[in-house]
Amino acid sequence: MSNTIISASNIGKKYIIRHNKDAYLTLRDQIAETGKALARKIVKPKSSPKKAEETFWALRGLSFEIKQGERVGIIGRNGAGKSTLLKILSRITEPSTGEIRMRGRVASLLEVGTGFHPELTGRENIYLNGAILGMSKKEIARKFDEIVQFAEVERFLDTPVKRYSSGMYVRLAFAVAAHLEPEILIVDEVLAVGDAQFQKKCLGKMDEVARGGRTVLFVSHNMNAISSLCERCILLDGGKIISQGRTNTVIKKYLATQQVASDGEVDLRPQRMRKNSLEDSRFKFTNICILNSKQKISSHIFMNEPFTLVIQGVANEDIEESTIGYSVDSSLGFPLFNSFSPEKRIKKGLVTYKINFNPNILAPGMYTLGLGANGAGIVDWIPEAIHLTVDNVSSTGKSNHPQYGGVIVYPYKWKIYHDKYT
Amino acid sequence: MSSAVPTIIIKPGKGTVHYWRELWQYRELFYFLAWRDILVRYKQTVIGIAWAIIRPVLTMVVFTIVFGKIANLPTAGSAPYAIMVFAALLPWQFFSSGLTEASNSLITNANMLTKIFFPRLIVPASTIIVCVVDFLITLVILAILMAAYQFAPSWQALFLPLFFLLALLPTLGLGIWVAAVNVKYRDFRYVIPFVVQFGLYITPVGFSSTIVPEKWRLLYSLNPIVGVVDGFRWCLLRGEPALEPASIGISVFISLLILFWGVKYFKKVERNFADVI
């Protein structure tokens, strides 16, 4: 008997995009449409109704096999189809074509804390969340102490989670999820939360889970996490598998696709670029672009030239106590620095933020810029909004310095002394 | 649970092969969701319980005055008008709140539907459990009311659980169906309060079904709650006319039909919930 645990053949997922104003279908519209179509048929029996629909293949023709105990990373740019694939594998949505065979229980962590209820206490939420993730009551009771210890919330067990700090909340949520024991574990970007120390703990726990012989599918933008956890990777782009194989090889290909695909300006309105965002967020990013020192839009800038980041968004009402920020990550997905707008209120309408960068900060290489907005009724998170390439040539045309390692340019000063007498 | 490793086959246009078995496997989640809803409902204990008491009592008072005193409608048995109304309010309130809660359940739990797999039928079904608790509270109020009027129920009260089951069937069936329709058509939920309000007048809650002319009785029983209400009154009140087998039979048949139809529709569309919600 082969030890293949997941075999997928020719998986496709089709979405129908409706070009209506409203996000949701309503019965009223449906009745009106039917009426119109009927009237049209009576007036002009042969004309077919104009279609306000468009099909979009989020995934097409995916075939792969995953063996028992393998840890497989799924990587790709925003909108490559990673999340859709995970949703199909975890049976949240069904594919439009193809077939998948899986042996064993599947548990998915597409977002930690799903089903947490703010009014309930930590203890109650552990049981509830455990049950939602597919654990039996016995199983939860057995692991209860372990979960509490892992989350470091012993003192707040009987406090409603609405009083938890966001750090505690996330720790508790991950702790429950980390103690699942399915044959197949599907993880999507959960490590983007919590502090550095807790992230490390989570990575350790996932490593332990995988070493226990279970199969782990892991999606992340953090290539460091991917390469330390996964031995094999699948690279998706445009809903197709571009490459699969050993992690290092696939990551190299991924970086190459990034290089090709960078534009100096990105339209941020498509929902698929977002992660864990509110669909009806009161503020949404709409556009991002990079201006070089000549005020031209470009994704490539020279190391020693200043550049400007322009972020635009739309607020559908006046908003207080909210903030937006950006982050700069290395090409491997490692966060370098971030910054938040000092202005805590956002006025209704289009808002433009301009951030000036000094020259000689980022070393030559690829960078990813992410955006986030947070506040009451606002969650908009775009982890990969735009890619920035810093080139190692001065704006005057001649090579500045021969080489740079790392990601930052430190304003170092060397002092060199030569002693004649040795 | 881990004894046999199941093979899961995912294919388009086809739900799971073991639909009911899977539902059974997730029964604990059903308890937990019901438990969560009850806990949240009664966390602010005073308001939670008070609401369950105030609603039926006020309705009863209004109905007794409007139908009993102003319109001067007759009672069939020897029970005071207030108790006759309250006996009918029991199943009616269960039906109307169950239908309302269940119909919104999928939308309120949307984030669970888009993040995690589990048999979706659990969500609307578990919300009805909260209404069962409310029902039990209302039952206690009825007992108090009967004691106050010094009115003892008949021995037929033993059949009450059966008629409760009969109330559960259409509530569950309609609730499941409406929950699924609500996911697709977001404005459908505005229809429900209207249906509930309208239903109150075509169901013999504020009056006795004996005032409906004999020849229309069978037609009247097409409303499945009519059979339930008559059943409740027959169980709880002395001197009520005997139940008509034909009319109860129609009630049972219609209720089963609604449940079957609701579940069938739900099964057909549930695979797309995550995409459209």
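Criteria and cut-off values
Residues numbered from 1 in each chain as written. Chains lettered and ligands numbered in written order. Predicted model: local features only at pLDDT ≥ 70, side-chain atom pairs only at ≥ 80, totals over all residues. Heavy atoms only, no water. Helix = DSSP H or I, 4+ residues; strand = E, 2+ residues; numbered from the N terminus. Areas by Shrake-Rupley, 256 points an atom, 1.4 Å probe, with all protein chains shown as cover. Rg over C-alpha atoms; globule rule 2.2 N^0.38 Å. Buried < 20%, exposed > 50% of the residue type's maximum accessible area, 1.4 Å probe, protein only. Contact = heavy atoms within 4.5 Å. Domains from an automatic or database assignment. Buried area = accessible area lost by both parts, 1.4 Å probe. Polar contact = N/O pair within 3.5 Å; in protein donor to acceptor, adjacent residues only side chain to side chain. Nonpolar A, V, L, I, M, F, W, Y, C, P; charged D, E, K, R; others polar. Phe/Tyr/Trp six-rings, centres within 6.5 Å; stacked < 30°, edge-to-face > 60°. Lys NZ or Arg CZ within 6 Å of the ring centre and 35° of its normal. Pairing = 2+ DSSP bridges. Salt bridge = Lys/Arg side-chain N within 4 Å of Asp/Glu carboxyl O. Axes fitted to C-alpha atoms, helices over the stretch in contact; angles between N-to-C directions. Parallel < 35°, antiparallel > 145°, perpendicular 65-115°, else oblique. Left-handed = near helix turned anticlockwise from the far one by under 90°. Core = buried A, V, L, I, M, F, W, Y, C linked by side-chain atoms within 4.5 Å.

Observations regarding the overall build of chain A
Move 1: Counting its secondary structure elements, chain A contains eight helices and 18 strands.
Move 2: In the form shown here, chain A has an accessible surface area of approximately 21,800 Å², with 52% of it arising from carbon and sulfur atoms.

Focus on the overall build of chain B
Move 1: Helix and strand counts for chain B come out as 12 helices and one strand.
Move 2: Beginning at the N terminus, the succession of helices and strands in chain B can be written as β-α-α-α-α-α-α-α-α-α-α-α-α.
Move 3: The C-alpha radius of gyration of chain B comes to 20 Å, within 12% of the 19 Å expected for a compact globule of 277 residues.
Move 4: With respect to the principal axes defined by its C-alpha atoms, chain B has extents near 65 × 45 × 40 Å.
Move 5: When the 277 residues of chain B are sorted by exposure, 54% land in the buried category.
Move 6: Within chain B, counting contacts between residues at least 6 apart in sequence, those at least 24 apart form 82% of the total.

Quick notes on the domain arrangement of chain A
Interface size is commonly expressed as the accessible surface area that is lost when the partners come together.
Residue and element names in this part refer to chain A.
Move 1: Domain boundaries in chain A define domain 1 (63-257) and domain 2 (266-391).
Move 2: Domain 1 puts 16 residues into the contact, and the matching count from domain 2 is 11 residues.
Move 3: Between domain 1 and domain 2, roughly 1,200 Å² of surface is buried when both sides are summed, and carbon and sulfur atoms account for 49% of that area.
Move 4: There are zero residue pairs in polar contact (both at pLDDT 80 or more) connecting domain 1 and domain 2.
Move 5: Sorting the residues of the side of domain 1 that touches domain 2 by element identifies helix H7 (223-229) and helix H8 (247-260) as the ones contributing at least two each.
Move 6: Tallied by class, the residues present in the side of domain 1 that touches domain 2 amount to five nonpolar, seven polar and four charged.

Side note on the packing of aromatic side chains
Move 1: The tally for this structure, following the rule as stated, stands at 27 aromatic pairs over all chains.
Move 2: Ring plane angle 70 degrees and centroid distance 6.5 Å describe the contact between Phe156(A) and Tyr164(A), whose orientation is recorded as edge-to-face.
Move 3: Looking at Phe156(A), the relative accessible area reads 29%, which means it is partly exposed.
Move 4: An angle of 85 degrees between the planes, with centres 6.4 Å apart, marks the rings of Tyr26(B) and Phe117(B) as edge-to-face. Of this pair, Tyr26(B) sits in the loop between helix H1 (19-25) and helix H2 (27-43) while Phe117(B) sits in the loop between helix H5 (110-115) and helix H6 (122-149), and the two are 91 residues apart along the sequence. When sorted by exposure, Tyr26(B) lands in the same class as Phe117(B), which is buried.
Move 5: The rings of Tyr127(A), Phe144(A), Phe32(B) and Trp35(B) are connected pair by pair, giving a single aromatic cluster.
Move 6: Against the face of Tyr15(A) rests Lys13(A), its NZ or CZ located 5.2 Å from the ring centre.
Move 7: We note Arg91(A) situated over the ring of Phe117(B); from NZ or CZ to the ring centre the distance is 3.9 Å.

Re the pairing of strand E18 (residues 378-391) of chain A
All names here are of chain A.
Move 1: Extensive coverage of E18 is indicated by the burial of 11 of its 14 residues.
Move 2: Taken together, the three bridges between strand E12 (residues 300-302) and E18 define a ladder with parallel strand orientation. From the neighbouring strand, Ile 301 faces E18, where its bridge partner is Val 390.
Move 3: Looking at chain direction, strand E17 (residues 365-375) and E18 are connected through 10 bridges and run antiparallel. Bridge pairing links Gly 375 to Ile 378 in E18.
Move 4: Between the antiparallel neighbours E17 and E18 lie two residues, among them Gly 377 with a positive phi of about 75 degrees.

Considerations on the interface of chain B and chain A
Move 1: In this complex, chain B contributes 42 residues to the contact, which on the side of chain A involves 46 residues.
Move 2: Taking both sides of the interface into account, the surface hidden between chain B and chain A amounts to around 4,100 Å²; carbon and sulfur atoms contribute 63%.
Move 3: When the area that chain B buries against chain A is broken down by residue, the three leading residues are Ile8(B), Ile10(B) and Lys115(B), summing to 17%.
Move 4: Across the contact surface, chain B and chain A share four salt bridges.
Move 5: The partner of Arg91(A) in a salt bridge is Glu22(B), with the nearest N and O atoms 3.1 Å apart.
Move 6: If you look at where chain B meets chain A, you find seven residue pairs in polar contact (both at pLDDT 80 or more).

Looking at the packing of helix H3 (residues 122-132) of chain A against helix H5 (residues 166-178) of chain A
Residue and element names in this part refer to chain A.
Move 1: It is the contact of H3 with H5, at a shortest axis distance of 10 Å, that shows an interaxial angle of 40 degrees. Viewed along their axes, H3 and H5 adopt a mutual orientation that is oblique. Handedness of the crossing formed by H3 with H5: right-handed. Contacts between H3 and H5 involve Gly 122, Ile 126, Asn 129 and Gly 130 from the first element and Leu 172, Ala 173 and Val 176 from the second.
Move 2: Split into classes, the residues belonging to the contact of H3 with H5 amount to four nonpolar, three polar and no charged.

Observations regarding the pattern of salt bridges
Move 1: Under the definition given, this model contains 18 salt bridges over all chains.
Move 2: Residue Arg271(B) pairs with Glu94(A) through a salt bridge whose shortest N-O separation is 3.1 Å. Within this pair, whereas Arg271(B) is found in the loop between helix H11 (245-269) and helix H12 (273-276), its partner Glu94(A) is found in the loop between helix H2 (82-89) and strand E4 (97-103), the two belonging to separate chains.
Move 3: By sharing partners, the salt bridges in this structure join Arg105(A), Glu139(A), Lys143(A) and Glu181(A) into a single network.

A few points about the environment of Glu181(A)
Move 1: Along the chain, Glu181(A) falls in the loop between H5 and strand E6 (184-188).
Move 2: Once residues within four sequence positions are removed from consideration, Glu181(A) is found in contact with Arg105(A), Glu139(A), Lys143(A) and Arg214(A).

Overview of the environment of Gly325(A)
Residue and element names in this part refer to chain A.
Move 1: As for its placement among the helices and strands, Gly 325 is situated in strand E14 (residues 323-330).
Move 2: For the pair Gly 325 and Asn 374, spaced 49 residues apart in sequence, the C-alpha to C-alpha distance is 8.7 Å.
Move 3: Not counting residues up to four positions away in its chain, the partners in contact with Gly 325 are Ser 339, Phe 340, Gly 370, Leu 371 and Gly 372.

Description of the nonpolar core
Move 1: Formed by 133 residues in total, the largest nonpolar core has its most connected members in Ile75(A), Ile126(A), Phe218(A), Phe232(B), Leu236(B) and Leu237(B).
Move 2: A per-element tally of this core places helix H4 (residues 81-108) of chain B first, with 16 residues.
Move 3: Excluding residues within four positions of it along the chain, Leu237(B) makes contact with Ala79(B), Ile83(B), Met84(B), Ala87(B), Met146(B), Phe151(B) and Ser154(B).
Move 4: Of all hydrophobic cores here, the second largest spans 35 residues; its members include Phe283(A), Ile311(A), Ala363(A) and Tyr367(A).

A short note on the sheet that holds strand E5 (residues 106-109) of chain A
All names here are of chain A.
Move 1: Across the sheet, six strands lie side by side as E5-E6-E7-E3-E8-E9; this open sheet has mixed pairing. Of all strands in the sheet, those with a lone pairing partner are E5 and strand E9 (240-246), marking the two edges. On average, adjacent strands in this sheet sit at an angle of 15 degrees to one another, irrespective of strand direction.
Move 2: Relative to strand E7 (residues 215-219), E6 runs parallel, the two sharing five bridges. Opposite Asp 188, over in E7, you have Val 219 as the bridge partner.

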